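The primary structure of each chain is shown beneath.
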Amino acid sequence: MFSHVDGTFHECVVQGIIETQHVEALEILLQGLCGVHKERLRIHELCLKSSPNLGNGTSEFRFICDLEQQPEPSWSLRHIGGAMRGAGAEQLAVLVRSVGESKVSKQALRLFYALGYRLDHELLRVGFSFHFQRGAQITVTVSSVNKMLKLHAIEEAVPVTPGIQLVEVTAPASADNYPEVAAAVSSFCEYLAPLLHLSKPGVSTGVVPTAAAAAASLMSDGGGTTL
Amino acid sequence: MPAKWVLHWHPITGASVNTQILDEISQGIESINGVKDGRWKAVLTFYKPIVRDQSMAAEFPRDFLGISLPDEPYKYYFVVRGQRIIVEADLSIQAIMDKLQSYKLRVALNFEGIQYGLGDFRVRVGKVVPSHLTHSETMRGIVMEVEYLPISSIDQSKQIMEEFVDIVQEILSNKPLPGHFVHSEPNFAEYGLSDQYTSQHAAIQYSTVMAQLIARHSQ
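To start, this report covers the structure provided alongside it. (Residues numbered from 1 in each chain as written. Chains lettered and ligands numbered in written order. Predicted model: local features only at pLDDT ≥ 70, side-chain atom pairs only at ≥ 80, totals over all residues. Heavy atoms only, no water.)

### Details of the pairing of strand β4 (residues 75–80) of chain B
All names here are of chain B.
Reasoning step 1: The element β4 is extensively covered by neighbouring structure, given that six of its six residues are classed as buried.
Reasoning step 2: Side chains Lys75, Tyr77 and Val79 project from β4 onto one buried face, and the interleaved Tyr76, Phe78 and Val80 project onto a second face that is buried too.
Reasoning step 3: The sheet contact formed by strand β3 (residues 64–68) and β4 spans four bridges and is antiparallel. Considered in β4, the bridge of Ile67 is made with Tyr77.
Reasoning step 4: Where β3 hands over to β4, the hairpin turn is made up of six residues, counted between the paired strands. (Buried < 20%, exposed > 50% of the residue type's maximum accessible area, 1.4 Å probe, protein only. Helix = DSSP H or I, 4+ residues; strand = E, 2+ residues; numbered from the N terminus. Pairing = 2+ DSSP bridges.)

### Here we look at the interface of chain A and chain B
Reasoning step 1: Counting residues at the interface gives 30 residues for chain A, matched by 32 residues for chain B.
Reasoning step 2: Interface of chain A and chain B: buried area, both sides summed, is about 2,600 Å²; carbon and sulfur atoms make up 59% of it.
Reasoning step 3: On the chain A side of the contact with chain B, A:Asn53, A:Leu111 and A:Leu115 bury the most area, a combined 22% of that side's loss.
Reasoning step 4: Where chain A meets chain B, there are one salt bridge.
Reasoning step 5: We note a salt bridge from B:Asp90 to A:Lys103, for which the minimum N-O separation is 3.7 Å. (Contact = heavy atoms within 4.5 Å. Buried area = accessible area lost by both parts, 1.4 Å probe. Salt bridge = Lys/Arg side-chain N within 4 Å of Asp/Glu carboxyl O.)

### Some words on the side chain of A:Lys200
Residue and element names in this part refer to chain A.
Reasoning step 1: Within the secondary structure layout, Lys200 lies in the loop between α3 (178–192) and α4 (211–221).
Reasoning step 2: Buried and without a salt bridge, Lys200 has Glu90 as its closest oppositely charged side chain, separated by 7.8 Å.
Reasoning step 3: Looking at Lys200, its side chain comes within polar contact range of the main-chain oxygen of Leu92, at 3.1 Å.
Reasoning step 4: Not counting chain neighbours up to four residues away, the residues in contact with Lys200 comprise Val13, Val14, Ala89, Glu90, Leu92, Ala93, Val94 and Leu95. (Lys, Arg positive; Asp, Glu negative; His and termini not counted. Polar contact = N/O pair within 3.5 Å; in protein donor to acceptor, adjacent residues only side chain to side chain.)

### Re helix α1 (residues 19–31) of chain B
Residue and element names in this part refer to chain B.
Reasoning step 1: The end-to-end C-alpha distance of α1, which contains 13 residues, comes to 18 Å, matching closely the 18 Å that a straight helix rising 1.5 Å per residue would cover.
Reasoning step 2: Turning to α1, its buried residues number three or more, namely Ile21, Leu22, Ile25, Ser26, Gly28 and Ile29. All buried residues of α1 project into a common sector of 155° when viewed along the axis, lining one side.
Reasoning step 3: Tucked into the core, α1 has its buried residues touching β1 (3–11), β6 (103–118), β7 (121–130), β8 (141–148), α3 (154–173) and β9 (179–182).
Reasoning step 4: With its phi angle positive at about 75°, Asn33 sits one or two positions after the end of α1. (Expected span 1.5 Å × (residues − 1). Arc of directions from axis to C-beta.)

### A closer look at the packing of α1(B) against α3(B)
Residue and element names in this part refer to chain B.
Reasoning step 1: Taken N-terminus to C-terminus, the directions of α1 and α3 make an angle of 125°; their axes are 10 Å apart at the nearest point. In terms of axis orientation, α1 runs oblique to α3. Of the two possible hands of crossing, α1 and α3 adopt the one that is right-handed. Contact with α1, carried on its side by Glu24, Ile25, Gly28, Ile29 and Ser31, involves Val168, Ile171 and Leu172 of α3 and no other residues of that element. (Axes fitted to C-alpha atoms, helices over the stretch in contact; angles between N-to-C directions. Parallel < 35°, antiparallel > 145°, perpendicular 65-115°, else oblique. Left-handed = near helix turned anticlockwise from the far one by under 90°.)

### Looking at the pattern of salt bridges
Reasoning step 1: If you walk through the whole model with that rule in mind, you get 24 salt bridges over all chains.
Reasoning step 2: Overlapping salt bridges bring together B:Lys4, B:Asp71, B:Arg122, B:Arg124, B:Glu145 and B:Glu147 as one network.

### Quick word on unusual backbone geometry
Working note: non-glycine residues mostly have negative phi, and peptide bonds are mostly trans.
Reasoning step 1: Across the junction of A:Gln70 and A:Pro71, the peptide omega takes the value -5°, indicating a cis bond.
Reasoning step 2: You can see A:Pro71 is positioned in the loop between β3 (60–66) and β4 (74–83).
Reasoning step 3: Cis geometry marks the peptide bond from B:Lys175 to B:Pro176; its omega dihedral reads -10°.
Reasoning step 4: Despite not being glycine, B:Gln101 has its phi angle at roughly 55°, a positive value.
Reasoning step 5: Within the secondary structure layout, B:Gln101 lies in the loop between α2 (93–100) and β6.
Reasoning step 6: You can call B:Gln101 partly exposed: its relative accessible area is 42%.

### Looking at the packing of aromatic side chains
Residue and element names in this part refer to chain A.
Reasoning step 1: Summed over the entire model, instances satisfying the criterion amount to 17 aromatic pairs over all chains.
Reasoning step 2: Consider the rings of Phe128 and Phe130, whose centres lie 5.8 Å apart with planes at 90°: the pair is edge-to-face. As far as burial versus exposure is concerned, Phe128 and Phe130 are alike and both buried.
Reasoning step 3: Through pairs of rings, three or more aromatic residues link up here, namely Phe61, Phe63, Trp75, Phe112 and Tyr117.
Reasoning step 4: Lys38 extends its terminal NZ or CZ atom over the ring of Phe128, reaching a point 5.3 Å from the ring centre. (Phe/Tyr/Trp six-rings, centres within 6.5 Å; stacked < 30°, edge-to-face > 60°. Lys NZ or Arg CZ within 6 Å of the ring centre and 35° of its normal.)

### Brief notes about the packing of helix α1 (residues 23–34) of chain A against α3(A)
All names here are of chain A.
Reasoning step 1: It is at 10 Å that the axes of α1 and α3 come closest, and there the two elements cross at 135°. For the element pair α1 / α3, the angle class is oblique. Considering the relative orientation of α1 and α3, their crossing is right-handed. In this structure, α1 contributes Leu26, Leu29, Leu30, Leu33 and Cys34 to the contact, and α3 contributes Phe188, Tyr191 and Leu192.
Reasoning step 2: Per-class residue counts for the contact of α1 with α3 are eight nonpolar, no polar and no charged. (Nonpolar A, V, L, I, M, F, W, Y, C, P; charged D, E, K, R; others polar.)

Any link to function would need more than the numbers given here.
Written out as structure tokens, the structure reads:
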């Protein structure tokens, strides 16, 4: 619905990190805020980059293999474009960037190898996500990011940052409505503030000092407490 | 999906393909009670790599094709024939390829014409023209699609397809027309496809026909 005629769209995104020990509390908080059930997440991400002779500069994109799909994993290709510039976009607390996405059939990896792309790195994301409507269509993803010790060996993946998980909040937007969507995302993130700090990707954040106390409070009465 | 053959017109040595031949073929289909059922169009796009130095182009495939099919308005297909690769994607893949700036359009060809209902068969007849010259008289080839609606197994539909195509060939040769239709079935198993017909099969058939038209032009 927000896609341009050519199928690309924009998205608003913020990221943060949380200690694994507080993920359960975050889940309770999200469950209470969103009113929907979580969905399990198990995604194999392959980042491909063009070989040096191809193109006028390096191009890259990701294959997203959703391992939760039955009976076979589903594949899609995701290209992240540049950040939106001007018209106040840069001043927002969320990043607004263009995104292209397409489902692809399973020979896509072979195709892009044949076209001159190489595997730069691959990751396994394991966790959960919530999809809900709150001023915008928001998706919150909480996942551990794991790397593979051998090529494509997803059964032997190990955490990139043990004890820390990544939280991403995204919402699709158009060139017309991104200020409202960004505001909805920012506003939602305020509810998560006691547990984690969310900001534009690339802006470094740490864990928040109130997390332990907030988590304890959530765990003790199952989310009945208002933070 | 119903099984389908895609055939291309092979003119006899020295003969060309032109509007008159296409019209005669259409009349031939109508003479066996083919009922006009609308128009159809497929578009084949040859891509070429964007390289800083032309000498580098040789390390990338020359037979990388993008295909849009009339029966799949929301899909786009990629074929690299030499490596037997077929990929089905959403239409948005075209914009993504644009943004990647690693490949660009070299030439695009329209396969377009009229489709007919003929009992349990659907027949499409059309010309092959460069996309930017679609109103000109110049055509690079003529194609015919024959679809047998009751069966989706390629093997099981083979005999009835052969019989139907034989009938059409006989009508056309009696006109007489300086050529005949050729059917070369690609080896779908080499592309990882099964006996059940799908749009991925159609994309491969079009890329095969394209290769044969090119081969003929270079003789």
